[in-house]
Amino acid sequence: ISFQVILSAPPYQQENHKFGASVDEMRELALNDEIENLILEEIEKEGGALGMKNLEKFVKKYGFDKIKEVLTNMKEEKKLFRHEDGDIYTHEPEK
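Residues numbered from 1 in each chain as written. Predicted model: local features only at pLDDT ≥ 70, side-chain atom pairs only at ≥ 80, totals over all residues. Heavy atoms only, no water.

*Asks:* Explain the overall build of the chain here, please?
*Replies:* Across its full length, the chain carries four helices and three strands. Counting from the amino terminus, the chain carries its helices and strands in the arrangement α-α-β-α-α-β-β. Considering the chain as a whole, with its 95 residues, one finds that 31% of them fall into the buried category. Across the chain, every contact between residues at least 6 apart in sequence was considered, and the portion connecting residues at least 24 apart equals 42%. Carbon and sulfur atoms make up 50% of the accessible area of the chain, which totals about 6800 Å². (Helix = DSSP H or I, 4+ residues; strand = E, 2+ residues; numbered from the N terminus. Buried < 20%, exposed > 50% of the residue type's maximum accessible area, 1.4 Å probe, protein only. Contact = heavy atoms within 4.5 Å. Areas by Shrake-Rupley, 256 points an atom, 1.4 Å probe, with all protein chains shown as cover.)

*Asks:* I'm lost on the packing of helix α2 (residues 23-45) against helix α4 (residues 64-76) in this one. Help?
*Replies:* Any two packed helices are characterised by the angle at which their axes cross and by the distance between the axes. Taken N-terminus to C-terminus, the directions of α2 and α4 make an angle of 75°; their axes are 10 Å apart at the nearest point. Here α2 lies roughly perpendicular to α4, going by the angle between them. Contacts between α2 and α4 involve Glu28, Leu31, Asn32, Ile35, Glu36, Ile39 and Leu40 from the former and Lys66, Ile67, Glu69, Val70, Leu71, Asn73 and Met74 from the latter. (Axes fitted to C-alpha atoms, helices over the stretch in contact; angles between N-to-C directions. Parallel < 35°, antiparallel > 145°, perpendicular 65-115°, else oblique.)

*Asks:* What is the right way to look at the sheet that holds strand β3 (residues 88-89) in this model?
*Replies:* Overall, antiparallel pairing links the three strands, which are arranged β1-β3-β2 in an open sheet. Edge strands, defined here as strands with exactly one partner in the open sheet, are β1 (49-50) and β2 (81-82). (Pairing = 2+ DSSP bridges.)

*Asks:* In this structure, what is going on with the environment of His83? I would like to understand it.
*Replies:* Residue position: His83 is located in the loop between β2 and β3. For His83 and Gly51, which are 32 residues apart along the polypeptide, the C-alpha to C-alpha distance reads 9.9 Å.

*Asks:* Hey, could you run me through α2 in this one?
*Replies:* What sets the pattern is the α-helix's 3.6 residues per turn: residues three or four places apart point alike. The end-to-end C-alpha distance of α2, which contains 23 residues, comes to 33 Å, matching closely the 33 Å that a straight helix rising 1.5 Å per residue would cover. Following α2 by one or two positions, Gly47 adopts a phi angle in the positive range, close to 90°. (Expected span 1.5 Å × (residues − 1).)

*Asks:* What exactly am I supposed to notice about the side chain of Glu42 here?
*Replies:* Within the element layout of this structure, Glu42 appears in helix α2. Residue class for Glu42 comes out buried when judged on its relative accessible area of 8%. A distance of 3.1 Å separates polar atoms of two side chains, one belonging to Glu42 and the other to Lys57. When neighbours within four sequence positions are excluded, Glu42 is seen to be in contact with Leu50, Asn54, Lys57 and Phe58. (Polar contact = N/O pair within 3.5 Å; in protein donor to acceptor, adjacent residues only side chain to side chain.)

Dropping the structure here:
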């Protein structure tokens, strides 16, 4: 079964699939991955560091809580680091 099929399934087919996640959970994971990739692309575009102002367009599109959730997950997974001046990096800043 493809992810496209899972993500486009109508609500009445929202049962648990072999991976143990419902269609809604799969959609949520796909959205989080999409946002994560957009953030990483923006960091790369900006030369490896990103100020919080650069995230405004993502907040407008996805909402503050969703961006905060994705950033928190990325930080916990060591995909992002926060510098003391507030910028976020894809590598641990030197102290």
